[in-house]
Amino acid sequence: MRPGVMGVLNVTPDSFSDGGRYLDPEAALAHGLAMARAGADVVDVGGESSRPGAEPVDEAEELRRVVPVVEALAGHVRVSVDTTKRAVAEAAVAAGATLVNDISASLWPVAAEAGVGWVAMHMQGSPRTMQEAPAYGDVVAEVGAFLADRARAATEGGVAEVWVDPGIGFGKTAAHNLALLRHLPALAAQGHPVLVGTSRKSFLGRVGAPAGADPLGVEDRRAGSLATATWAMLAGASMVRVHDVASTVEAATLVGGTRLAGVGA
Ligand code: HH2
């Protein structure tokens, strides 16, 4: 079986890569359906940007952005809601979302009560300040221990489907991100399915630029996005969160094929 692909649908004016493009519900629905047609297994609907420096959005506004889009998409594809607010998670689940994608790693009680899945993501600090001075003793060990603890709490609390996500770019330097990618097999070995999101993130622009050149802009990070998504899938991620669904589905299919290669051949 191939790894899963989660398509990003930001219903926001300020997301770092697609901000403003899908704020109109009709445009959001059309893009969500297009990602489903391109093979997305999940469409992740978010109404609050979590890019570095982002300002929080109030609850009423986030509900207004997210709920109609979740409702319209839910009959067509599995929908997750990308939120840190309990009320938004509850409303999105009531509207048909079956996965709570939680960058605060705190909303498992919503998932337990509703009988839906939950993603616990690691973040150091909060989006407003997280990239000012990220620091760890051992990033791989600390992120792994945090996620194991959160996953245990959720499992004991009755959540049947628990995902863990190292939170690439969330309070992490480029070196931290690369270390987490390199050591994904250890995270996968903890026993919960792993979700990874590298798509178009700024470390790709810094690491992927030619020596001495300026960092690559968002639109020039597609190759790095696909390379790191493929790396993550080969290293044990069960799903990757991406903006460019079609190319990633193709890569996921190839990764799935290599897993079967030699079996009965
Ligand atoms: N990254 C972003 C948002 N949500 N959720 C999970 N589980 N993992 C991630 O890596 C992750 C996430 C940031 O990317 P994006 O949604 O494209 O941008 P913004 O936060 O500016 O809306």
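Described in the following lines is the structure provided in the data block.

Here Met 123 is to be found in the loop between β5 (117–121) and α5 (139–156). When the C-alpha positions of Met 123 and Lys 172 are compared, they lie 8.3 Å apart, and in sequence the two are 49 residues distant. Residues within four places of Met 123 in sequence aside, it is in contact with Ile 103, Met 130, Phe 170 and Lys 172.

Considering all chains together, one arrives at 16 salt bridges under this definition. Of the charged contacts, one joins Asp 14 and Arg 51 as a salt bridge, the two residues approaching to 3.4 Å between their closest N and O atoms. With Asp 14 in the loop between β1 (4–10) and α1 (25–37) and Arg 51 in the loop between β2 (42–46) and α2 (59–73), this pair connects stretches of sequence that are 37 residues apart. Under the relative-accessibility criterion, Asp 14 is labelled partly exposed at 22%. Note on Arg 51: relative accessible area 25%, which makes it partly exposed. Among the charged side chains, a network of salt bridges with common partners joins Arg 21, Arg 200, Glu 219, Arg 222 and Asp 244.

Around the ligand, the structure places 18 residues, and the nearest of them are Ser 15, Ser 50, Asn 101, Asp 165 and Lys 201. Taking Ser 49, its side chain carries an N or O atom lying 2.7 Å from an oxygen atom of the ligand. Taking Ser 50, its main chain carries an N or O atom lying 2.7 Å from an oxygen atom of the ligand. When the free accessible area of the ligand is taken as 480 Å², the share hidden by the protein chains comes to 99%. Classifying every residue of the shell around the ligand gives 6 nonpolar, 7 polar and 5 charged.

This part is about the environment of Val 159. Here Val 159 is to be found in the loop between α5 and β6 (162–165). Residue Val 159 is classed as buried on the basis of its relative accessible area, which comes to 4%. In the structure, Val 159 is positioned 158 residues away from Met 1 in sequence and 24 Å away in space, judged by C-alpha atoms. Contacts of Val 159, omitting those with residues within four sequence positions, involve Trp 108, Ala 111, Ala 112, Val 116, Trp 118 and Ala 154.

About the cut-offs
- Residues numbered from 1 in each chain as written.
- Predicted model: local features only at pLDDT ≥ 70, side-chain atom pairs only at ≥ 80, totals over all residues.
- Heavy atoms only, no water.
- Helix = DSSP H or I, 4+ residues; strand = E, 2+ residues; numbered from the N terminus.
- Contact = heavy atoms within 4.5 Å.
- Salt bridge = Lys/Arg side-chain N within 4 Å of Asp/Glu carboxyl O.
- Buried < 20%, exposed > 50% of the residue type's maximum accessible area, 1.4 Å probe, protein only.
- Near = heavy atom within 4 Å.
- Polar contact = N/O pair within 3.5 Å; in protein donor to acceptor, adjacent residues only side chain to side chain.
- Areas by Shrake-Rupley, 256 points an atom, 1.4 Å probe, with all protein chains shown as cover.
- Nonpolar A, V, L, I, M, F, W, Y, C, P; charged D, E, K, R; others polar.

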